[in-house]
Each structure stands twice: as C-alpha cells, then as structure tokens.
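# Observations on the three-dimensional arrangement
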Amino acid sequence: MHFGKTALAQLVVHRFRIGVLTSGGDCPGLNAVIRASVASAHTLGWEVLGFIDGYEGLLSPVNYKILTLENTQGIMPIGGTIIGTTNRGRFAAKQGMGERALIPQPIIDEAKKTLNDLGVRALICIGGDGSLTTADQLFENGVPVVGVPKTIDNDLSATATTFGFDSAVQCVADALDRLHTTAASHKRVMVLEVMGRTAGWIALYGGVAGGADVILIPEIPFSYERLAAHVEKRMAGGASSTLIVVAEGAMAQGGSVATIDGAIKGEVRLGGIGAQIAAEIAERTKRETRAVVLGHLQRGGAPTTQDRNLGTRFGVGAIDLIKEKKFGCMVSYQNYLIGSVSIKEAVGQIKHVPPDGQMVNTAKSVGIHFGV
Ligand code: F6P
C-alpha cells in the first residue's frame, strides 16, 4: 500500500517520550540508574532521551542520544555515566562553600524550550544537592521533573543512603588494607585523606571497615595536642603502625577547613588537611609520617553490589514517580523501602554524622580515637 507524505506522518505513532540526565560529580551506580530507568520505561512503551553532560545537553548546541535496551546493555558494572556529567558549566548551582545560586531565567527558559520542542513529557534529573536545586527550579517553571539523589558523600537528609557511598567506603577500606602492610613494615604513621565535603560519613564508615586507629571528621573538630599524644602513646607502647583516616572537611579546634587554590569556577575545592596533619604529627612525635590523598579513586570504578541494587531501585522508582505524575518529587530510601519526598524539602538539608551517634560510639568501643 502506498501512502502520501501527510498520510504517512499521520501513521507515525508518537511514543511517550521522557528525558534523563546526570548532573554534578560522577558517582558509581549512575549507569545502574540509567539502565534501570530505560528498561522500566521500555516495558511501558516509552522512549528515553539521554541528555549529554547534564543540564548542558539542554542548551544550544542541544545534545542527546536515544537510550535503548541495546545501548544500555552491560553498563551496570561500569563506573561514571554513559551520558556524561558536569559540576561546572552554565547550570552550576553551587558556589563557594556550597551556597546555592539560582540559575538565570534565560537559561531555564532555553532548557524548557528544548524539552518542549523535543516533546519530552517528563525529565529525570539524577544529581546531588546543587543539581536537585536546579531540578526544583525547572519544576517551579513548569517542567515535569522527578529527581534521583546521587552522591558518594551520603550527606542528603531526605534519604537514608545514596548509591555511590558504599563503593567509596569500599575504596577507603581497600586503601587501608594496603596501607596497613607498608605502614607496619616501616613502623610508620600513615594519614589517609578521603572525600566527603562537610560530612564525615566516608571517613567514618571507611575507617571502621578498614581498621583505622584514628578517624577525624568535620563534625568532631580535633586537637593536635591530643592527636599527637595518642599517636605517641600507641607507637611508644609497641604498635607497629598508626593509621589515621581524615575527612577532607575535618579541621582542628579553632582552625579552618583546608582548601585547594585555583578552583576554576563554582564550589571551593577541599583538600590538604592530610598533609597538614602528617607534618604536625611528625614534628610533635618525631615519628616517620606519610600522607596519602585517595582523591577521585573513590569516585571511579565499578559500583559495589549494594550500589547496583540501590541504583536499579532508584531508576525504577523514578519511572514510577512519572507514572504517578508525582512531579517535583525525588525518590528516597528509608527503612529498606523506596519512597519519595518533595525535592524542595530535600535540598539544602545536609545530613551530618551525629557526633554522639551509634556509629561514632561503636568506633570508640573498638578503640578508635577521634582526636579529642
Ligand atoms: O561531592 C562529591 C565529591 O567527590 C566530594 O566528596 C569532593 O569534595 C568533590 O566532589 C570533588 O569534586 P571535583 O570532582 O569537582 O574535584
């Protein structure tokens, strides 16, 4: 049968089309979320556009690719994100020490127009605090948005945990296992600086899992005097090594957060506290001390099984939110179940380690010192 052009166009059945993007720093488990949302959307007959490099893909030159079962096959164990991300660019919502900045209206309008022109009926934004603030701004401007919380730092209040955290903790524990043997062979003090920004979750959980002797976190400002005295007591008492895990945002009592100069644009970069502590301990105890910065190794590589499962559950949860038209909401994980909360309530509420909480007390009970 032959159809004219108009008749042919009428025959094209437009599938319900949604978009997905990953924004902010990358994180193990992002591809598990993408894969699961594509698979779940596929069962509903929906088409998924993956916008490239986060919100940037919504701006000129618009950049996306159609995500299918075929091109998302086998991506679960792969670190990073197959659709790219950025925590800088025209959509950077975080400035300085994490203060949130509003995205200029012309940029929001352009993104909205792109979504309208492409017939995208809902957008899944996978991101941390800053990226979800932007998602909420889009929602306030009439874009049907749902959020998926992402951060290795585990510092979002609205969810018990985020995918990526467990993989980062695994990386810290692996590093400590390695540092143990070299430190013990040389009878050295080792300081391992880990990520987490203003929260000490990665240091605390990684330190406990890796058998650290000392854990220093932003929530418990430490005393150099007490720290050095503890190290000296251990070493003089015959300990073969002392392993100290320090969160990048930790600081001495009365001191300030160590930062790296030369941030190009956006948030202040934290770092340097590990080297400061190593120098101070060497000076005060005269013991050989070395500092190691674990850095982006914590963000790269394959996600743990826990992060693959959580990412998969979040991806399916995001599609469920769209089905239920719960726009302006993000998926969350509470009491072993996936639920949802409003993005507006979720953002800006940083979850810190309770200094007198169960995990800190557990660590203390097994002899871990907090430098106080
Ligand atoms: O928020 C995740 C995180 O990895 C922090 O722990 C760290 O301070 C920051 O991102 C590093 O960002 P960048 O990759 O821009 O250096």
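Everything numeric in this text was worked out from a predicted model, so none of it was measured. (Residues numbered from 1 in each chain as written. Predicted model: local features only at pLDDT ≥ 70, side-chain atom pairs only at ≥ 80, totals over all residues. Heavy atoms only, no water.)

Quick look at the overall build of the chain now. Secondary structure assignment for the chain yields 11 helices and 15 strands. The globule rule puts the C-alpha radius of gyration for 372 residues at 21 Å, and the 23 Å found for the chain is close to it. Across the 372 residues of the chain, 52% fall into the buried class. Pairs at least 24 apart in sequence give 74% of the contacts found in the chain among residues at least 6 apart. With the model as given, the accessible surface of the chain reaches about 16200 Å², and the carbon-plus-sulfur share is 53%. Between the centroid of the 35 positive side chains of the chain and the centroid of its 33 negative side chains there is a distance of 3 Å. (Helix = DSSP H or I, 4+ residues; strand = E, 2+ residues; numbered from the N terminus. Rg over C-alpha atoms; globule rule 2.2 N^0.38 Å. Buried < 20%, exposed > 50% of the residue type's maximum accessible area, 1.4 Å probe, protein only. Contact = heavy atoms within 4.5 Å. Areas by Shrake-Rupley, 256 points an atom, 1.4 Å probe, with all protein chains shown as cover. Lys, Arg positive; Asp, Glu negative; His and termini not counted. Charge placed at Lys NZ, Arg CZ, Asp CG, Glu CD.)

Next up on the list: helix H5 (residues 165-186). Relative to the 32 Å expected for 22 residues at 1.5 Å per residue, H5 spans 32 Å between its end C-alpha atoms, a close match to the ideal helical length. Three or more residues of H5 are buried, namely Phe165, Ser167, Ala168, Val169, Cys171, Val172, Ala173, Ala175, Leu176, Leu179 and Ala183. In the core, the buried residues of H5 are packed alongside strand S8 (189-194), helix H6 (201-209), strand S10 (242-247), strand S13 (289-293) and helix H9 (305-323). Lys187 sits one or two residues past H5 and shows a positive phi near 50°. (Expected span 1.5 Å × (residues − 1).)

Moving on, we come to the sheet that holds strand S6 (residues 122-127). Strand order across the open sheet formed by seven strands is S3-S2-S1-S6-S7-S14-S15, with mixed pairing between neighbours. Edge positions in the sheet fall to strand S3 (64-67) and strand S15 (337-342), since each has one partner strand and no second. Neighbour-to-neighbour, the strand axes of the sheet open up by a mean angle of 30°, direction not taken into account. Across two bridges, strand S7 (residues 145-149) lies against strand S14 (residues 329-334) in parallel orientation. By the bridge assignment for S14, Val146 is matched with Cys329. Sitting on the sheet, helix H2 (residues 30-43) touches strand S1 (17-22), strand S2 (47-51), S3, S6 and S7, and the angle it makes with S6 is about 160°. The sheet strands contacting H9 are S1, S6, S7, S14 and S15, and the helix crosses S14 at an angle near 140°. (Pairing = 2+ DSSP bridges. Axes fitted to C-alpha atoms, helices over the stretch in contact; angles between N-to-C directions.)

Assignment of secondary structure puts Val191 in strand S8. Residues Val191 and Ala275 lie 84 residues apart in sequence; the distance between their C-alpha atoms is 7.8 Å.

Below, the discussion takes up the sheet that holds S13. Taken in spatial order, the four strands line up as S9-S10-S8-S13 in an open sheet, and their pairing is parallel. Unpaired on one side and paired on the other, strand S9 (214-216) and S13 mark the two borders of the sheet. Each neighbouring strand pair of the sheet contributes to a mean axis angle of 20°, computed without reference to strand direction. With three bridges connecting them, S9 and S10 associate as parallel partners. Following the sheet pairing, Ile215 is matched in S10 by Val245. Set on the sheet, helix H7 (residues 224-236) makes contact with S8, S9 and S10; between it and S10 the angle comes to about 155°.

This part covers the site of the ligand. As a matter of local geometry, the ligand sits amid Asn87, Arg88, Ile152, Asp153, Met195, Gly196, Arg197, Glu248, His296 and Arg299. Between the ligand and the protein, one listed contact pairs an oxygen atom with a side-chain N or O atom of Asp153 at 2.7 Å. Here an oxygen atom of the ligand and a backbone polar atom of Gly196 are 3.1 Å apart. Its residues placed into classes, the shell around the ligand shows two nonpolar, three polar and five charged. (Near = heavy atom within 4 Å. Polar contact = N/O pair within 3.5 Å; in protein donor to acceptor, adjacent residues only side chain to side chain. Nonpolar A, V, L, I, M, F, W, Y, C, P; charged D, E, K, R; others polar.)

Before going further, it helps to examine the pattern of salt bridges. One pass over the structure, following the stated rule, counts 12 salt bridges. Note that Arg17 and Glu47 form a salt bridge whose closest N and O atoms lie 2.7 Å from each other. Of the two residues, Arg17 sits in strand S1 while Glu47 sits in strand S2, which places them 30 residues apart along the sequence. We note a salt bridge from Arg234 to Asp213, for which the minimum N-O separation is 3.4 Å. Highlighted residues: Arg234 in helix H7 and Asp213 in the loop between H6 and S9, separated in sequence by 21 residues. Residue classification places Arg234 among the partly exposed positions, given a relative accessible area of 24%. Connected through salt bridges with shared partners, the residues Asp136, Glu140 and Lys344 form a single ionic network. (Salt bridge = Lys/Arg side-chain N within 4 Å of Asp/Glu carboxyl O.)

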